[in-house]
Amino acid sequence: MSTLAECALARKPLRLVRRQAHLGDDDSRYEPVSILEDEDSSTGEGGGGGGGGRRRSSGPRLQRRREAPLRHMSLFDLVAFGVGCTVGGGVFVLGGAAAHSLAGPASSVSYLLSGLAVGLAALPYAELSASFPVDGSTYSYAYIALGEVYAVIASMCQTLEYGVSAAAVARSWGNKVVDLVKMWGDPLPNWLLRFLDPGYYVNPMAAIVASLCTLVLLLGVRESKLATNCISSMKVSLIVFMIIAGMILSSGLFPGTKASFENWDPFVPSEFGVEGVLEASSLLIFAYTGFDCICNQAGEAKDPVRDVPRAVVYTIVIDSVLYVLAALALTAMLPYAEISEVSGFPDAFGANGWAWAEKMTAIGEILVLPLVVLASIQAQTRLLFAMSNDRIVPGFFGRLTFSKARRCRPEDKIGNLTANVQFCGLVTIVMATFIPFQFLVELVAAGALLLFSMTSCCMLIVRFKCPSETFLCSVRDVSDDATIFSVEAVRRELSLGRILILLNLFPFASGLCFAFIPINTLRYSLTGTFAFLTLVVALYIAAYCHENTSTRFILSRDGYGTPGRIRFRTPWVPFSTVLGIYLNWFMLANLGWKGTVMLIGYLFVGVVLYWKCCVGKSIVNSNEPHEENESYKNRNILPSERCTSPPSVRSDLQQPLLGGEDWEEGEHETGLLNNVYLKDDLSEIEASRRAVS
């Protein structure tokens with residue numbers, strides 16, 4: 001059991017994170033290389049910056065090796081990918097259901113509340129993606145800040161958000177195609193009807209769209225990026241058309257229709273109330289899931305430190321504006337009780353006599369909704385790629401393939417995860433074809449909310465330390481003379497990990513009280529009490545936990561070693577982050593007991609499988625000799641924010657996080673050992689270690 005705990009709580013060393021970012025690997029993630037080398041040609045450096053000379057090979061042509069896809073995504077590519085992975089079901093599927101059954105016209109407020117919660121969760125994503133610009137998103141952040149088992153839990157929640165969501169959207173697309181064909185087609189032959197809808201929960205059209213998306217991804221990264229950019233632009237244009245057309249229809253310019261702004265009255269129907277608005281906002285979290293796929297692509301961004309945080313913020317803003325305006329337009333076109341839960345906008349246009357808009361909207365949904373499937377499968381492959389680099393999943397998930405130049409296409413110099421795409425595509429096809437997902441929406445939303453809270457906790461661990469800790473929670477020795485009645489002892493022994501447990505329990509208890517206590521006086525008093533305790537925890541962190549302000553993961557090309565340039569940092573920390581955690585857990589408690597129970601069971605099964613199959617096999621915990629292992633395992637120590645030069649000790653972990661230049665190990669060791677000012681500025685644990693030596 002001790003071995004299990006040691007492996008499960010082991011954190012990924014920061015030098016290993018730096019190596020996985022492929023810095024120093026001849027900048028291979030920046031510079032394209034040829035797939036094959038001619039005889040008597042250079043086999044030295046293929047990219048930017050490593051040493052080594054030219055040498056000639058007299059043997060057969062050799063294949064160039066690169067361990068990760070080329071950095072090729074611009075800011076526009078990242079935003080298009082983020083919008084493509086998020087906007088879709090929130091307008092085309094969930095908008096009608098939220099308005100009809102949960103909140104009425106106030107569904108726009110529900111979208112706004114969901115956007116606020118997701119926005120507060122997105123800011124830690126933006127900061128961590130700038131601090132650690134690697135593949136994997138929350139999985140990687142949890143591995144660095146919390147430990148291996150938390151990283152596995154995060155990857156399971158991300159699989160719900162990417163893989164399961166891809167299959168669910170594919171199945172929804174298949175249902176829409178079948179309904180559209182039955183509605184507008186002439187009497188169809190029996191064999192075609194049996195193919196479209198064979199019964200027994202089988203959905204052949206879902207298999208078709210999942211197969212097409214997989215084939216696009218197999219064509220190559222360049223082709224899938226082009227498809228993503230084009231279809232994302234089409235999707236945003238379609239939603240803008242739906243919003244403008246709905247507002248014009250409701251303005252009174254077309255008498256004799258049901259559309260009118262008077263349909264907004266009552267804005268909050270009495271049968272739903274505030275509870276319905278909050279329940280809808282919890283469900284509509286599903287509409288925003290997938291924005292973190294941008295961070296999952298950070299390893300392929302050209303300028304990840306600058307572009308990934310911007311792309312995250314831009315995506316959330318675009319999503320929120322589109323969702324709120326779409327909800328207002330939909331509830332203005334029809335009374336909320338008449339809005340279709342399955343096909344909101346097409347039915348609303350049809351009920352008002354705009355058959356052309358009905359057909360245009362329905363066909364547009366069919367054309368653009370598959371992009372969510374494509375982007376989600378791609379995000380899942382990048383998650384498995386990051387896990388394969390850590391040896392938590394088999395290595396074939398990280399195997400790159402390159403295609404040769406052909407008559408109609410250039411040579412692939414980016415690299416494609418062909419085996420990974422094939423596996424994820426096949427699983428998505430099977431799930432979309434045979435599994436009904438109407439009961440899994442709450443599970444996906446619950447997993448996303450837990451994932452957001454984990455990311456916020458990772459950011460707090462990177463940013464703060466308690467009096468008894470260094471950064472990243474390495475606990476110092478506590479005096480044996482301290483007693484539990486000593487205020488100083490409490491401050492020293494109350495680790496940030498224990499504080500974060502309280503920070504997650506209090507909001508969940510507050511949400512449970514609000515959701516399940518029937519007596520209003522008791523419900524509101526307990527809800528407010530736990531909310532106040534959450535505020536007390538935030539005040540403690542702000543007052544007593546030291547903040548690190550120099551978490552800078554140097555990349556050779558990002559320019560952040562230049563004085564005056566800083567990375568994106570979440571504002572108003574810890575209060576904004578604590579508010580985000582509170583909203584996440586509060587909405588999770590109000591989501592319903594089914595989603596929470598399913599999530600607990602799902603995570604329990606995953607942790608048991610990790611215990612039985614993966615403990616001790618990762619690159620961090622493996623006993624195999626390699627340079628990234630024992631010399632610095634579990635020594636995640638961040639420097640003090642006042643440190644402006646590299647540490648005097650040979651700390652492999654601090655170097656990637658220091659500002660300034662890309663220092664070499666031991667380069668300035670002798671002079672810095674005698675610098676008393678630097679000793680005062682370093683973290684206490686480093687200073688004490690130097691004093692002992």
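Reading the values: the criteria
- Residues numbered from 1 in each chain as written.
- Predicted model: local features only at pLDDT ≥ 70, side-chain atom pairs only at ≥ 80, totals over all residues.
- Heavy atoms only, no water.
- Salt bridge = Lys/Arg side-chain N within 4 Å of Asp/Glu carboxyl O.
- Helix = DSSP H or I, 4+ residues; strand = E, 2+ residues; numbered from the N terminus.
- Buried < 20%, exposed > 50% of the residue type's maximum accessible area, 1.4 Å probe, protein only.
- Axes fitted to C-alpha atoms, helices over the stretch in contact; angles between N-to-C directions.
- Parallel < 35°, antiparallel > 145°, perpendicular 65-115°, else oblique.
- Left-handed = near helix turned anticlockwise from the far one by under 90°.
- Contact = heavy atoms within 4.5 Å.
- Phe/Tyr/Trp six-rings, centres within 6.5 Å; stacked < 30°, edge-to-face > 60°.
- Lys NZ or Arg CZ within 6 Å of the ring centre and 35° of its normal.
- Expected span 1.5 Å × (residues − 1).
- Patch = residues over 30% accessible without salt bridge, like charges linked within 9 Å, V, L, I, M, F, W, Y side chains within 5 Å.
- Areas by Shrake-Rupley, 256 points an atom, 1.4 Å probe, with all protein chains shown as cover.

(A) Up close: the pattern of salt bridges. Applying the stated criterion across every chain yields a total of 11 salt bridges. Salt-bridge contacts for Glu-365 lead to Lys-176; the nearest nitrogen and oxygen are separated by 3.0 Å. Within this pair, whereas Glu-365 is found in helix 17 (residues 355-368), its partner Lys-176 is found in helix 8 (residues 148-184), the two being separated by 189 residues in sequence. In this structure, Glu-365 and Lys-176 share a single accessibility class: buried. Here Asp-303 ties to Arg-306 by a salt bridge, and the two come within 3.6 Å at their closest N and O atoms. Because the salt bridges share partners, they merge into one network encompassing Glu-127, Arg-463, Glu-547 and Arg-569.

(B) Spatial organisation of the packing of helix 20 (residues 441-463) against helix 24 (residues 575-590). Close contact between helix 20 and helix 24 brings their axes to 9 Å; oriented N to C, the two are set at 160°. Between helix 20 and helix 24, the interaxial angle falls into the category roughly antiparallel. Crossing angle aside, the handedness with which helix 20 passes helix 24 is left-handed. Taken together, the residues of helix 24 that come into contact with helix 20 (itself represented by Ala-446, Leu-449, Leu-450, Phe-452, Ser-453, Ser-456, Cys-457, Met-459 and Leu-460) are Thr-577, Ile-581, Asn-584, Trp-585, Met-587 and Leu-588.

(C) How the structure looks around the environment of Pro-436. Mapped onto the secondary structure, Pro-436 falls in the loop between helix 19 (418-434) and helix 20. Accessibility expressed as a relative area gives 23% for Pro-436, which makes it partly exposed. For the pair Pro-436 and Val-202, spaced 234 residues apart in the sequence, the C-alpha separation amounts to 8.5 Å. Excluding its chain neighbours within four sequence positions, the residues that come into contact with Pro-436 are Arg-171 and Tyr-201.

(D) Focus on the packing of aromatic side chains. Tallied over the full model, the rule gives 22 aromatic pairs. Measuring from centroid to centroid gives 5.2 Å for Tyr-125 and Phe-291, while their planes differ by 80°, and the two rings are edge-to-face. With Tyr-125 in helix 6 (residues 107-131) and Phe-291 in the loop between helix 13 (285-288) and helix 14 (293-296), this residue pair connects regions lying 166 residues apart in the sequence. Phe-291 carries the same exposure label as Tyr-125, and that label is buried. Note on Phe-349 and Trp-354: the rings are 6.3 Å apart at their centroids and 10° apart in plane angle, and the pair reads as stacked. Residues Phe-349 and Trp-354 agree in their burial class; the two are buried. Through pairs of rings, three or more aromatic residues link up here, namely Phe-241, Phe-254, Phe-345, Phe-349, Trp-354 and Trp-356. When the ring centre of Phe-514 is taken as origin, the NZ or CZ atom of Arg-523, which lies over that ring, is 5.1 Å away.

(E) Main features of helix 3 (residues 75-86). Given a rise of 1.5 Å per residue, 12 residues ought to cover 16 Å, and the 17 Å separating the end C-alpha atoms of helix 3 matches this to within 8%. Of all the 12 residues making up helix 3, 10 are buried; the element is thus mostly covered by neighbouring parts of the structure. Among all positions of helix 3, only Asp-77, Leu-78, Val-79, Ala-80, Phe-81, Gly-82, Val-83, Gly-84, Cys-85 and Thr-86 are buried. In this structure, the buried residues of helix 3 make contact with helix 4 (89-92), helix 11 (221-250), helix 13, helix 14, helix 15 (304-333) and helix 18 (370-389).

(F) Summary view of a nonpolar patch on the surface. A grouping of Met-183, Trp-184, Met-234, Ile-363 and Leu-367 is seen on the molecular surface, where their side chains present a nonpolar patch of about 470 Å² in accessible area. Along the chain, Met-234 turns up in helix 11. Assessed through its relative accessible area of 42%, Met-234 is described here as partly exposed.

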